[in-house]
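Structure at a glance
Chain by chain, the residues run as shown.
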Amino acid sequence: MEYALNNKVFVLFMAAACGVTFVACDVFTSMNRIKDMVLNEEQILNKIKAAAPQLLGNEQHAMYNFYKQRLEEIHRRNWTKELERLNHPNGAYSIIKEYAADYQALRKAVLDSKLNQASAVLAEIADDDDVKGASESLLRLQEVFRMKTNEMVQGMYLNYKGPILNSTDAFLVGKAAFEIGKQTLCTEWLQVALELMRQEQGDGDDYNDDFSMFGKVDTKTHNSGAAMKALLGRALIRVSPL
């Protein structure tokens, strides 16, 4: 499928992203930076590999394995589809999230070994803070164009179709909305996330019936029903206080 995006939406996504970047200049919500990350990934990997001899034992072995597997993946990549994904906000968001997750273990190994040179190179790869920044960009876009959450999740931006988001994506956007005080949007995104989760897992439980879990949400289990219920319950209390 070819993903088309109205130029007005694309420009606004960049503008919304710049608003986030202005606050945190390292956040990967500039479209040019996202494209550079994807298109130059092989060069970035080669720079990281150059620092591998400084790693110890198992970490060095893990680094070389990651390098080999990632390089093979890059060479198998369908670049036409990848560039199409980059031209839609949902696709760009998913790419940021994927890179942050894929490089998480390597980033930890490099930081633990205090390899400053490799750490500087890894700054070119999106991390969890960038995922949060991208989530906030989607929320800004939604507010300006008054788009419906369920349509955005399905990739519909002003009648232009793009990649869909999954339940984890919707949860993370809802979580970002909660953290910046946009409780109504938080509730909308989390309700959609719960519905998507039911569809993806074939779960018949109605999570929306139970808002009793208001404990701290563990981001490591952000795709669990319990975490979604907890955050949704907290959001609903703020939106409609008893």
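Residues numbered from 1 in each chain as written. Predicted model: local features only at pLDDT ≥ 70, side-chain atom pairs only at ≥ 80, totals over all residues. Heavy atoms only, no water.

Within an unreviewed UniProt entry, the label attached to the chain reads Prolyl 4-hydroxylase N-terminal domain-containing protein, and the organism entered is Lymnaea stagnalis.

This part covers the overall build of the chain. Each helix and strand counted, the chain has 13 helices and two strands in total. Restricting the contact set of the chain to residue pairs at least 6 apart, pairs at least 24 apart contribute 68%. Here the chain has roughly 12,500 Å² of accessible surface; of this, 51% comes from carbon and sulfur atoms. (Helix = DSSP H or I, 4+ residues; strand = E, 2+ residues; numbered from the N terminus. Contact = heavy atoms within 4.5 Å. Areas by Shrake-Rupley, 256 points an atom, 1.4 Å probe, with all protein chains shown as cover.)

Between helix α9 (residues 128-145) and helix α12 (residues 183-201), the shortest axis-to-axis distance is 12 Å and the interhelical angle comes to 110°. Overall, the two elements α9 and α12 adopt an arrangement that is roughly perpendicular. Between α9 and α12, the residues in contact are Leu139, Gln142 and Glu143 and Leu185, Glu188 and Trp189, respectively. Class assignment for the residues of the contact of α9 with α12 results in three nonpolar, one polar and two charged. (Axes fitted to C-alpha atoms, helices over the stretch in contact; angles between N-to-C directions. Parallel < 35°, antiparallel > 145°, perpendicular 65-115°, else oblique. Nonpolar A, V, L, I, M, F, W, Y, C, P; charged D, E, K, R; others polar.)

Attention now moves to the pattern of salt bridges. As enumerated under the stated definition, the model contains 13 salt bridges in all. Across the pair Lys175 and Glu179 runs a salt bridge, and its minimum N-O distance is 2.5 Å. One end of the pair, Lys175, and the other, Glu179, are both in helix α11 (residues 167-179), four residues apart, so they sit about a helical turn from each other. Its relative accessible area of 15% is what places Lys175 among the buried residues. The class of Glu179 is partly exposed, set by a relative accessible area of 40%. (Salt bridge = Lys/Arg side-chain N within 4 Å of Asp/Glu carboxyl O. Buried < 20%, exposed > 50% of the residue type's maximum accessible area, 1.4 Å probe, protein only.)

Tyr103 and Trp189 are the most contacted members of the largest nonpolar core, which has 54 residues in total. Once residues lying within four places of it in the same chain are set aside, the contact partners of Tyr103 are Glu41, Leu45, Ile48, Phe66, Arg70, Leu122 and Ile125. (Core = buried A, V, L, I, M, F, W, Y, C linked by side-chain atoms within 4.5 Å.)

A residue-level look at the chain finds 69% of positions with pLDDT of 70 or above and a mean pLDDT of 76. Mean pLDDT per element in the chain: helix α1 (residues 7-23) is the minimum at 45, and helix α10 (residues 149-153) is the maximum at 96. A low-confidence stretch, residues 14-27 (pLDDT under 50), is modelled with 24 contacts involving residues beyond four sequence positions or located in other chains. Within the model, the stretch residues 207-222 combines pLDDT values under 50 with 35 contacts to residues more than four positions away or in other chains. (pLDDT = per-residue confidence, 0-100.)

This part takes up the packing of aromatic side chains. Any pair of aromatic rings gets described here by the distance separating the centres and the angle formed by the planes. All told, the structure shown has two aromatic pairs when counted by the stated rule. When the ring of Phe66 is compared with that of Tyr103, the centres are 4.9 Å apart and the planes differ by 70°; the resulting orientation is edge-to-face. With Phe66 in helix α4 (residues 57-76) and Tyr103 in the loop between α6 (89-102) and α7 (104-112), this residue pair connects regions lying 37 residues apart in the sequence. Pair check on accessibility: Phe66 and Tyr103 agree, each one buried. Centre to centre, the rings of Tyr99 and Tyr103 are 6.2 Å apart; their planes meet at 10°, and the pair counts as stacked. Each member of the pair, Tyr99 as well as Tyr103, carries the same accessibility label: buried. In this structure an aromatic cluster arises from ring pairing among Phe66, Tyr99 and Tyr103. (Phe/Tyr/Trp six-rings, centres within 6.5 Å; stacked < 30°, edge-to-face > 60°.)

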